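# Per-entry structural report
Letter by letter, the chains look like this.
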Amino acid sequence: MARAGRKRKEGRRDDKGKLRPINMPDRGNERTAAKREKYGTDGGDAIGRAYRMGLLGEDGQRLMQTARSIHRAYWPMFGVGPIGCTLGDRTGGGGEGNLLREQWLTMTIQRVDRMGRNHRRAFDEMVLDFWPDYGPLWLDVLIAKQDCENSKAKLALALDVLNELAA
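To start, this report covers the structure provided alongside it. Because the structure is a prediction, the values reported are computed rather than measured. (Residues numbered from 1 in each chain as written. Predicted model: local features only at pLDDT ≥ 70, side-chain atom pairs only at ≥ 80, totals over all residues. Heavy atoms only, no water.)

Helices and strands together make up the secondary structure of the chain, namely 7 helices and 2 strands. Beginning at the N terminus, the succession of helices and strands in the chain can be written as β-β-α-α-α-α-α-α-α. Looking at the chain as a whole, 30% of its 167 residues are labelled buried. Within the chain, contacts between residues separated by at least 24 positions form 56% of all contacts whose residues are at least 6 apart in sequence. (Helix = DSSP H or I, 4+ residues; strand = E, 2+ residues; numbered from the N terminus. Buried < 20%, exposed > 50% of the residue type's maximum accessible area, 1.4 Å probe, protein only. Contact = heavy atoms within 4.5 Å.)

Pasting the structure below:
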């Protein structure tokens, strides 16, 4: 017998007895479905879209993993500072306190800087900047299969950096 005032949860129970919701989660609109079909799960960043379109070359997966590891380390460390929470102090999740990781990231960025301004700009656009749906422009041009020498040159610069860092 249910207690008075207690709301009964709705849904179905699976074979293990776990309550499952009646409604399925929203998978997005047609644009989202088309993007997912084109890029799979790698459509949320520029490096993933470049990888799925075959622009990173034969060793593309390794380059993508290198780029994503740098991106994941960069933003908590240098981009926005530590992540704060009202329930605790400011240590832990922001990336601070890990001296070895900070030194590795600093050396990595310095290696990119030594390659020159154009290399750094192309690397930043491909790896560090946020492009969740589209961009940078030169990558979108290449994905659209348009023949543009400037876009090819930018991609070549970014790939030079990634090949250097992944070696």
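Moving on to the packing of aromatic side chains. Scanning the entire structure with this criterion turns up 2 aromatic pairs. Centroid distance Y74 to W75: 5.2 Å. Interplanar angle 85°. Geometry classified as edge-to-face. W75 sits in the partly exposed class, given a relative accessible area of 22%. Taking 5.1 Å as the distance between ring centres and 35° as the angle between the ring planes, the aromatic pair formed by W75 and F130 counts as tilted. Here W75, found in helix α3 (residues 60-79), pairs with F130, found in the loop between α5 (117-128) and α6 (137-143); they are 55 residues apart in sequence, far enough to count as distant. For F130, a relative accessible area of 56% gives the class exposed. (Phe/Tyr/Trp six-rings, centres within 6.5 Å; stacked < 30°, edge-to-face > 60°.)

Let us now look at the nonpolar core. By size, the foremost hydrophobic cluster in this structure holds 31 residues, and its most contacted members are F123 and M126. For this core, the elements supplying multiple residues, two or more each, are α2 (46-52), α3, α4 (99-114), α5, α6 and α7 (149-166). If we ignore the near neighbours within four places in the chain, the residues touching M126 are A46, I47, A50, W138, L139, L155 and A158. (Core = buried A, V, L, I, M, F, W, Y, C linked by side-chain atoms within 4.5 Å.)

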